[in-house]
Amino acid sequence: MRKGDTQEIRRLNRRAILGYLRKGPLTRADLSRLTGLAKSAVSRLVDELLQEGLLEEGASTSPPLGRPGTLLHLRPRARFALGAELGVEGTVLLALDWRGEVLWAKEWRHPREVGPKERLERLLAEVWPHVPGPLGLGFTLPGVVVEDRLLLAPNLGWRGLDLKPLLQEFPLPVAAENDAKASALSEVFFHGEANLAYLVLSTGLGVGVVAEGRLLRGAGGAAGEVGHWLGQGGKTCACGRRGCLETELGLGNLLAHHQALGGQAEDLEALLRQAKEGEAKALEAIRHLGEALGRFLANLAVAYDPALVVVGGKAAELFPYLEAPLRQSLRTHAFLEAHRDLPVRPSVYGHLAPAVGGASLFLARFFELGGLWAERPRRNGGRYEEVAFGDRRGLGA
Ligand SMILES: [Zn+2]
């Protein structure tokens, strides 16, 4: 057997062991049974992973049959990655433990006119004190991202941007991704979802669609930019055209509608506060949005037929008030019987979800490589989505 083959088998076996342990603590005997590897091989690999500080030994089990064993689990905080969201109003930066725990998060705002160079310089300054340590930094943008290029982000007013020169100074591996696509990938990574639409609704609207285990990108990376679906409306969109769906469903329009009803809220936080206090106009504006979102989900259901819709972005925080009108509207407008009760839930990470998605790009790659992470990014495999979807067993799916 060639040396390369031995290395590859070692990676696959380590990946299988880490993948099973992601689901919960197991003994060496459990791992041998689940992976089909000989007990001696499992012991050798487990020793290796213990020495690297990736695993920890916990309590002993005493099963009714067989010998007692020691439970192994992934050591908390053994590895982590940084994730960032460059959003319309501001930036979120966080560190995500390999088990999915947000270790810390930091947010800062920007005036709208601040350009990409200045925003990435600030991000670099914030990242610098945390290096070395993280596996990498995955950051998201609200626009069409293809490899290291941002083609268009209407709500930022950025277009045709080569990110590479802006990222050269970063002292760790960096990857850029669309916010909705990164969020959808994180659902695959954490929950093994194979058919899912991840809706990012804040100022803008986009979806990340995973269909039969693959992230949809389309020919030019624009698949999922449904906020720019043309409708009958006459409002001008940030992209310069009239009638985009985002001008109706975007949360800027929610505030405008609330004002038109005679309400007063300077921003979404204020509107949410008023909804919590039961202010009638705030609840009415949100109900109206929920009804429109229900119709939109009925459309998404015939376009992509997801098994689950996750609502992220700022809308995740409005979800308790959006939910009832949204479900009612979906039930009324669904095309198929099966779509009437399409599961819809808010993101568990709330507005941190895109940054979590960014960090999970690197965590998924780490697991895929069986924890055999090289410090030099070129040695860490191909493009991350190939890694994330290459073999679903590696993701514990
Ligand atoms: Zn548009």
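Residues numbered from 1 in each chain as written. Predicted model: local features only at pLDDT ≥ 70, side-chain atom pairs only at ≥ 80, totals over all residues.

As annotated in an unreviewed UniProt entry, the chain is ROK family transcriptional regulator from Thermus tengchongensis. Under the heading Sequence similarities (unreviewed entry), UniProt records this for the chain: "Belongs to the ROK (NagC/XylR) family." (UniProt positions renumbered as here; feature names shortened; annotations may be inferred.)

A. Here's a closer look at the sheet that holds strand β6 (residues 137-141). The five strands are arranged β5-β4-β3-β6-β10 in an open sheet whose pairing can be described as mixed. In the strand order of this sheet, the two ends are held by β5 (102-109) and β10 (174-178), each with one partner. Adjacent strand axes in the sheet meet at a mean angle of 15 degrees when their direction is disregarded. Pairing of strand β4 (residues 90-97) with β5 involves seven bridges; the strand directions are antiparallel. Bridge assignment links T91 to a residue of β5, and that residue is W108. The sheet strands contacting helix α4 (residues 116-127) are β3 (80-86), β4, β5 and β6, and the helix crosses β4 at an angle near 35 degrees. Helix-sheet contacts for helix α12 (residues 353-368) involve β3, β4, β5, β6 and β10, and the interaxial angle to β3 is about 140 degrees. (Pairing = 2+ DSSP bridges. Helix = DSSP H or I, 4+ residues; strand = E, 2+ residues; numbered from the N terminus. Axes fitted to C-alpha atoms, helices over the stretch in contact; angles between N-to-C directions. Contact = placed C-beta atoms within 7 Å.)

B. Expanded view of the domain arrangement of the chain. In terms of domains, the chain is made up of domain 1 (3-74), domain 2 (80-184 + 352-395) and domain 3 (192-351). Taking only C-alpha atoms into account, the centre of domain 1 sits 43 Å from that of domain 3. (Domains from an automatic or database assignment.)

C. Main features of the sheet that holds strand β15 (residues 344-346). The mixed open sheet is built from five strands, whose spatial order is β13-β12-β11-β14-β15. Strand pairing shows two members of the sheet lacking a second neighbour, β13 (214-215) and β15, which therefore form its edges. Across five bridges, the pairing between strand β11 (residues 196-201) and strand β14 (residues 308-312) is parallel. Counterpart to L199 in the pairing with β14 is V311. Running over the sheet, helix α6 (residues 179-191) touches β11, β12 (205-211), β13 and β14 and is turned about 35 degrees from β12. Sitting on the sheet, helix α10 (residues 280-304) touches β11, β12, β14 and β15, and the angle it makes with β12 is about 35 degrees.

D. Fine view of the environment of G243. Among the secondary structure elements, G243 is positioned in the loop between β13 and α7 (246-249). In this structure G243 comes out as partly exposed when scored by C-beta crowding, with 17 C-beta atoms within 10 Å. For G243, the contacting residues outside a window of four places in its chain are L230, G231, Q232, G233 and G234. (Buried ≥ 20, exposed ≤ 12 C-beta atoms within 10 Å, placed from the backbone.)

E. Geometry of the UniProt feature "domain: HTH marR-type" (unreviewed entry) in the chain. Under the UniProt annotation, the feature "domain: HTH marR-type" (unreviewed entry) is placed at residues 17-59. Across residues 17-59, helical content stands at 63% and strand content at 12%; the span's end C-alpha atoms are separated by 18 Å.

F. Geometry of unusual backbone geometry. Cis geometry marks the peptide bond from V131 to P132, where omega comes out at 0 degrees. Looking at where P132 falls in the secondary structure, it is placed in the loop between α4 and β6. The phi angle at E212 is positive, at roughly 50 degrees, despite the residue not being glycine. Mapped onto the fold, E212 is located in the loop between β12 and β13. Using a count of 7 C-beta atoms within 10 Å as the deciding quantity, one classes E212 as exposed.

G. Expanded view of the pairing of β11. Burial analysis of β11 places six of its six residues in the buried class, the great majority of the element. Neither face of β11 is open: one carries L196, Y198 and V200, the other A197, L199 and L201, and all of them are buried. Bridge count between β11 and β12: six bridges; the pairing is antiparallel. The residue of β12 that forms the bridge with L201 is L205. Between β11 and the antiparallel strand that follows it, β12, lie three residues.

H. Just the pairing of β10, in detail. For β10, a buried count of five out of five residues is recorded, marking the element as mostly surrounded by other parts of the structure. Burial along β10 is two-sided: the residues V174, A176 and N178 and A175 and E177 are all buried. The pairing of β6 with β10 spans five bridges and is classified as parallel. Counted as the bridge partner of T140 is E177 from β10.

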